[in-house]
Amino acid sequence: MNKKDIANFRKQFKLNNDLLEISEIFNVYIMKESSEIYHHQSLSFGLLEDEQKELFMNNFKKVLTGQLDEKLFELKFQRDVENSSQLILHQGLLSNNTEDWTHDMLQIVEKMLKEKQYEMDVVITFIRGEYQKPMRASNEEAEESGRDTVYSHPFILCSVNKTEDPKKELLFDYVEKEFKYNIVVDPIINLKAPISGFLFPSITDNASDVNHVLYSSGKANELDEHFIEEVLNAEEIMTAKEDKVVFEEIVRNVAGNQINTSNLSNVYEEIHRVMEENEEEEIPKLDSTDVERVLKTSGIKDVDKEKVDSAFKNVIDDEKHEFKASSIVPKYNSKSIKIKTKIADISISPQDLKYVRQVQMNGKLSLMLEVEENTVIDGFEMIPEVLFGKAEDNNE
């Protein structure tokens with residue numbers, strides 16, 4: 001799934017939407033002390049009060065919110081796995097009765113609890129439904145509405161939510177005219193911040209893809225390896241942050257530990273250009289050949305295929321590894337690069353990195369920023385200072 005597919009699906013989670021039908025909801029309560037199922041309940045989603053539906057709808061949108069490869073990850077199922085989650089979820093998707101559906105989801109829950117100790121009670125929620133996407137936009141002037149032909153996507157969505165102790169509060173009783181201490185013992189289910197979840201199947205080119213699942217992590221760039229490998233039985237992945245670290249280490253292996261801002265700016269600019277050229281397609285990836293070309297084009301000296309291949313092998317032990325271009329370039333038009341010094345921290349965008357220089361001046365290192373207008377500090381316009389003047393003529 002790309003970010004557009006995810007966004008289109010996420011915005012369907014609203015009340016009275018004829019493009020999204022949620023047939024059943026299944027809640028499972030897990031005790032932290034024993035890591036056992038304390039209670040589970042399956043209901044028709046339509047029987048819930050609108051206020052309850054609204055709470056769950058917002059929760060499901062939270063599961064589908066975040067940047068790809070940072071908080072949302074499209075995972076490929078492992079092959080030849082015993083008791084495969086792919087098979088269990090597919091059976092649950094196709095089952096015709098509630099008993100079979102809940103039995104399949106309880107198998108997924110059992111995998112979540114195996115060799116896993118939660119720090120708090122958790123509630124695992126599954127929904128089963130169908131998402132319909134019009135094949136073309138509706139046109140009021142057209143004889144046939146775009147809604148007459150749709151892509152149909154049956155799905156299962158899971159949300160894992162922690163519980164919290166109720167707040168201790170002081171209340172005022174209007175009838176008895178007295179202050180009372182509010183005693184509540186029931187735990188609160190935090191639906192605003194799911195700690196994990198997934199969507200099955202993935203949606204690719206308007207078709208359901210049962211070979212992939214969309215995994216949602218609780219925090220950006222923090223993967224639950226147990227959930228990915230043991231619960232979903234999916235293949236290992238790298239976050240965008242990890243991918244960037246590996247790329248930087250490969251560049252260091254090839255170019256050395258030091259690089260000037262001009263060359264680094266060129267590296268980012270070249271990768272960004274590749275991304276713009278492929279804007280309408282799948283996110284472009286860079287293999288060792290692409291990395292070699294980028295480094296050469298950026299002006300880094302003594303770059304050759306042997307050096308790059310050796311760096312791939314040394315750093316990641318995989319000469320065929322491919323980097324997602326979007327993972328290794330900081331957000332290009334925002335101040336995503338942080339320059340930290342003892343006297344100041346500076347934020348700058350990759351496209352403006354070329355205006356930054358580190359120079360030797362009077363025997364000291366200095367950071368120089370090229371600006372197009374006078375700098376204003378606390379309302380005062382700075383006076384330009386001439387640091388590199390003409391040397392005096394001793395013959396005068």
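Above this text sits the structure in question.
Residues numbered from 1 in each chain as written. Predicted model: local features only at pLDDT ≥ 70, side-chain atom pairs only at ≥ 80, totals over all residues. Heavy atoms only, no water.

**Thoughts on the layout of surface pockets**
Here the second largest pocket defines a volume of roughly 1,100 Å³. Ile259, Thr261, Leu264, Ile339 and Gln358 are, among the 34 residues lining the second largest pocket, the residues nearest its centre. Elements with a minimum of two residues in the lining of the second largest pocket: helix H6 (240-255), helix H7 (261-277), strand S15 (337-340), strand S17 (356-361) and strand S18 (364-369). Broken down by element, the lining of the second largest pocket gets its largest block of residues, 6 residues, from H6. A class-by-class count of the residues in the lining of the second largest pocket yields 18 nonpolar, 9 polar and 7 charged. (1 Å grid on protein atoms, 1.4 Å probe; cavity = no way out; pocket = protein on both sides within 12 Å on 5 of 7 lines; lining within 4 Å. Points joined across faces, edges and corners; volume = space filled by probe spheres on them. Helix = DSSP H or I, 4+ residues; strand = E, 2+ residues; numbered from the N terminus. Nonpolar A, V, L, I, M, F, W, Y, C, P; charged D, E, K, R; others polar.)

**Observations regarding the side chain of Asp121**
In this fold, Asp121 is placed in the loop between helix H4 (98-113) and strand S4 (122-134). One buried charge, Asp121, has no salt-bridge partner; the nearest side chain with opposite charge is Lys32, at 5.7 Å. Here Tyr29 takes part through its side chain, which lies 2.8 Å from a polar atom of the side chain of Asp121. (Buried < 20%, exposed > 50% of the residue type's maximum accessible area, 1.4 Å probe, protein only. Lys, Arg positive; Asp, Glu negative; His and termini not counted. Salt bridge = Lys/Arg side-chain N within 4 Å of Asp/Glu carboxyl O. Polar contact = N/O pair within 3.5 Å; in protein donor to acceptor, adjacent residues only side chain to side chain.)

**A word on the environment of Lys32**
Tracing the backbone shows Lys32 in the loop between strand S1 (20-31) and strand S2 (36-44). Between the C-alpha atoms of Lys32 and Tyr118, which are 86 residues apart in sequence, the distance is 5.4 Å. Excluding anything up to four places from it in sequence, Lys32 contacts Gln117, Tyr118, Glu119, Met120 and Asp121. (Contact = heavy atoms within 4.5 Å.)

**Here we look at H7**
Taking 1.5 Å per residue as the helical rise, H7 with its 17 residues ought to reach 24 Å, and the 24 Å between its terminal C-alpha atoms agrees with that figure. Along H7, the positions that sit buried rather than exposed are Thr261, Asn263, Ser265, Val267, Tyr268, Glu270, Ile271, His272 and Val274. For H7, the elements touching its buried residues are H6, strand S13 (285-286), helix H8 (288-297), helix H10 (325-328), S15 and S17. Capping the start of H7, Asn260 holds a side-chain oxygen 3.2 Å from the backbone nitrogen of Ser262, two or three residues further along. (Expected span 1.5 Å × (residues − 1).)

**Brief notes about the nonpolar core**
Residues Met112, Ile124, Phe126 and Phe198 are the most contacted members of the largest nonpolar core, which totals 32 residues. A total of 7 residues in this core trace back to one element, the largest contributor, which is H4. Ile250, Leu286, Ala311 and Leu353 belong to the second largest nonpolar core, which has 27 residues in total. (Core = buried A, V, L, I, M, F, W, Y, C linked by side-chain atoms within 4.5 Å.)

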